[in-house]
Amino acid sequence: MPQYYSVEQVAELLGLHVRTVRGYIRDGRLRATRIGKQYRIAAAGLEALTGAPAAPAVPERRHAEVSAIVQVDGVGRAEAARLANTVMAAIAGPREGGTPLRVETVHNEERETLKVIVLGGLADTAELLAIVHTLIEENRNV
């Protein structure tokens, strides 16, 4: 059974940028089959381009991301500022995952609510939500 590669896999195998591989396909230097909006390159096409046997395909990495909104009621202006600053300080610095962690805080002074909007990788988001939980619990006990 023939082995097929995605454009991303060919780029990684050859150490090229994805745009370069797509350019090779457009120029006819690399034979590919279009399936929907994506190209698939047969091992024979890759071998014809490189002149060497094709290496096994590098498995595509799965990507998972979380979006979460935490609403905290009964938060005044000073407490909202303190919580927001603490949350922003918690995300400063390097993250383990490849997905950047994006956080926004919105305080509604009239309703005394604070919303913390989080977008990011699973592990980093879980860690940040645990920090938010701890901060909220600490503020209840004060």
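Quick note: structure is the one above.
### Examining the packing of aromatic side chains
- For the structure shown, the criterion picks out zero aromatic pairs.
- The cationic tip of R34 hangs over the ring face of Y39; the distance from NZ or CZ to the ring centre is 5.1 Å.

### Concerning the packing of helix α1 (residues 7-14) against helix α2 (residues 18-27)
- Two numbers describe how α1 lies on α2: the axes approach to 8 Å, and their chain directions differ by 110°. If you check the angle between α1 and α2, you find them roughly perpendicular. You can see that α1 and α2 cross each other, and the crossing is right-handed. Residue-level contacts link V7, E8, V10 and A11 of α1 to V18, V21, R22 and I25 of α2.
- Partitioning the contact of α1 with α2 into residue classes produces six nonpolar, no polar and two charged.

### Description of the sheet that holds strand β4 (residues 65-73)
- On the basis of which strands lie adjacent, the open sheet formed by three strands has the order β4-β6-β5 and antiparallel pairing. Among the strands making up the open sheet, the edge pair consists of β4 and β5 (102-108). Direction aside, neighbouring strands of the sheet carry axes that sit 10° apart on average.
- One ladder, built from seven bridges, connects β5 with strand β6 (residues 113-121); its direction is antiparallel. In the strand pairing of β6, E104 is matched with I117.

### Regarding the side chain of T125
- Turning to its location among the elements, T125 is positioned in helix α5 (residues 122-140).
- A polar atom in the side chain of T125 sits 2.7 Å from the backbone oxygen of G121.
- In this structure T125 touches V66, L101, V118 and G120, once residues within four positions along its chain are discounted.

### Re the sheet that holds strand β3 (residues 38-42)
- A sheet is described by the order of its strands in space; here three strands give the open sequence β1-β3-β2, paired in antiparallel fashion. Bordering the open sheet on either side are β1 (4-6) and β2 (33-35), each of which pairs with just one other strand. Sheet twist, expressed as the mean angle between neighbouring strand axes with direction ignored, is 40°.
- Here three bridges tie β1 to β3, and the two strands are oriented antiparallel to one another. From the neighbouring strand, Y5 faces β3, where its bridge partner is I41.
- Against the sheet, helix α3 (residues 43-50) engages β1 and β3, with an angle of about 75° to β3.

### Brief notes about the pairing of β3
- Where β2 lies against β3, three bridges are found, and the strand directions are antiparallel. When the bridges of β3 are listed, I35 appears paired with Q38.
- What sits between the antiparallel neighbours β2 and β3 is a turn of two residues, in which G36 has the positive phi angle 65°.

### Description of the pattern of salt bridges
- On inspection of all chains with the given rule, the structure shows three salt bridges.
- As a salt-bridge pair, R22 and E8 come within 3.8 Å of each other at their nearest N and O atoms. You can see R22 sitting in helix α2 and its partner E8 sitting in helix α1, a full 14 residues away along the chain.
- Here R102 ties to E65 by a salt bridge, and the two come within 3.2 Å at their closest N and O atoms. Separated by 37 residues along the polypeptide, R102 in strand β5 and E65 in strand β4 bring together distant segments of the chain.

What counts, and where the lines are drawn
- Residues numbered from 1 in each chain as written.
- Predicted model: local features only at pLDDT ≥ 70, side-chain atom pairs only at ≥ 80, totals over all residues.
- Heavy atoms only, no water.
- Phe/Tyr/Trp six-rings, centres within 6.5 Å; stacked < 30°, edge-to-face > 60°.
- Lys NZ or Arg CZ within 6 Å of the ring centre and 35° of its normal.
- Axes fitted to C-alpha atoms, helices over the stretch in contact; angles between N-to-C directions.
- Helix = DSSP H or I, 4+ residues; strand = E, 2+ residues; numbered from the N terminus.
- Parallel < 35°, antiparallel > 145°, perpendicular 65-115°, else oblique.
- Left-handed = near helix turned anticlockwise from the far one by under 90°.
- Contact = heavy atoms within 4.5 Å.
- Nonpolar A, V, L, I, M, F, W, Y, C, P; charged D, E, K, R; others polar.
- Pairing = 2+ DSSP bridges.
- Polar contact = N/O pair within 3.5 Å; in protein donor to acceptor, adjacent residues only side chain to side chain.
- Salt bridge = Lys/Arg side-chain N within 4 Å of Asp/Glu carboxyl O.

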